[in-house]
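Listed below are the residues making up each chain.
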Amino acid sequence: MNYLKITAKIRIYNYEELLFEEKNIVDKAKEAVFRAYAPYSGFKVGAAALMENGEIITGNNQENIAFPSGLCAERTTLFYAHSQYPGEAVRALAVAAHTKGDFIDRPISPCGACRQVMLETEMRFRRRVKVILYGKKEIYIIENIKDLLPLAFDQDFSFDNCL
Ligand code: THU
């Protein structure tokens, strides 16, 4: 018997420590929160993607009375970004969440489905996506989606072994 040890590198910052372009997409993700449609959970999430061409695409969670039909902010944003700019990589993605009248203290953590979609973005353009998870008290920066999704089902399995 042996162990596979998995580690993730996450840097913790406060807002003042961020680079100008990081601050900019965090601000845009925070603004996008207020355009979310979240009448069922009351948990509003905003995301902002910085594209390779400098464009910033924002999105938010879109809920539905048939709950599984709704979509998280991260996927709404990435799908829209790729639908508008199919040839542009995403350089960074910021995410913020707001509930009970305020932004959350600790960084929001994307769900598994969103992590899988983020990974697809990295693989598709062969470029790392920097993920910036905003919390009022601290901000997490993850340089590579693989740190959020270890042992991912990726090209190594699907392309080499299945086709
Ligand atoms: N949600 C997101 O949009 N992103 C996340 O990272 C976590 C959760 C949404 C889904 C649902 O509309 C609401 O937050 C409550 O789970």
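The notes below deal with the structure included here. All values reported here derive from a predicted model rather than from experimental measurement.

Before going further, it helps to examine the nonpolar core. One recurring pattern in soluble globular proteins is that nonpolar side chains are buried together. Leu93, Met118 and Val131 are the most contacted members of the largest nonpolar core, which totals 27 residues. The biggest single contributor to this core is helix H3 (residues 112-125), with five residues. With 15 residues, the next largest nonpolar core counts Val26, Val33, Phe103 and Tyr134 among its residues.

What the rule picks out here adds up to three aromatic pairs. Summarising the aromatic geometry, the rings of tyrosine 40 and phenylalanine 67 are spaced 5.7 Å apart at their centres and angled 45° between planes, so their arrangement reads as tilted. Of this pair, tyrosine 40 sits in the loop between helix H1 (20-33) and strand S2 (44-51) while phenylalanine 67 is found in the loop between strand S3 (56-60) and helix H2 (73-84), placing the two residues 27 residues apart along the sequence. Taken together, the aromatic side chains of Phe34, Phe103 and Tyr134 make up a single cluster linked through ring pairs. Over the ring of phenylalanine 103 we find lysine 30, and its NZ or CZ is 4.9 Å from the ring centre.

This next bit is on the side chain of asparagine 61. Within the secondary structure, asparagine 61 is located in the loop between S3 and H2. Judged by relative accessible area, asparagine 61 falls into the buried class, the value being 7%. Here phenylalanine 43 takes part through its backbone oxygen, which lies 2.8 Å from a polar atom of the side chain of asparagine 61. A distance of 2.9 Å separates a polar side-chain atom of asparagine 61 from the backbone nitrogen of valine 45. Asparagine 61 has contacts with Ala36, Tyr37, Ala38, Phe43, Lys44, Val45, Leu71, Cys72 and Ala73, leaving out every residue within four places of it along the chain.

Now for the environment of valine 90. Among the secondary structure elements, valine 90 is positioned in strand S4 (residues 90-99). Sequence separation between valine 90 and methionine 51 is 39 residues, and the spatial gap between their C-alpha atoms is 4.4 Å. Excluding residues that lie within four positions of it along the chain, valine 90 makes contacts with Ala49, Leu50, Met51, Leu78, His82, Thr121, Arg127, Arg128 and Val129.

Parameters and conventions
Within each chain, residue numbers correspond to sequence positions counted from 1 in written order. Thresholds applied to this predicted model are a pLDDT of at least 70 for local features of residues and 80 or more for the giving and counting of side-chain atom pairs; totals over whole chains, interfaces and linings are not thresholded and use all residues. Hydrogens and water molecules were not included; the side-chain quantities draw on all heavy atoms of the structure. Each nonpolar core is a collection of buried residues, namely Ala, Val, Leu, Ile, Met, Phe, Trp, Tyr and Cys, held together in the definition by side-chain atoms within 4.5 Å. Only protein chains enter the accessibility calculation, which uses a 1.4 Å probe; a residue is then buried when its area is under 20% of its type maximum, exposed when over 50%, and partly exposed in between. Only DSSP runs of H or I with at least four residues qualify as helices, and only runs of E with at least two residues qualify as strands; both kinds are numbered from the N terminus onward. Any Phe, Tyr or Trp ring, taking Trp's six-membered ring, that has another such ring centre within 6.5 Å forms a pair; planes under 30 degrees apart are called stacked, those over 60 apart edge-to-face, and the others tilted. In this analysis the charged atom, NZ for Lys or CZ for Arg, is taken to sit over a ring once it is within 6 Å of the ring centre and within 35 degrees of the ring normal. Think of a polar contact as two N or O atoms within 3.5 Å of one another; within protein, one of them needs to be a possible hydrogen donor and the other a possible acceptor, and neighboring residues in sequence only count if both atoms come from side chains. The contact rule is simple, with two residues in contact once any of their heavy atoms fall within 4.5 Å.

Any functional reading would require information beyond the geometric quantities listed.
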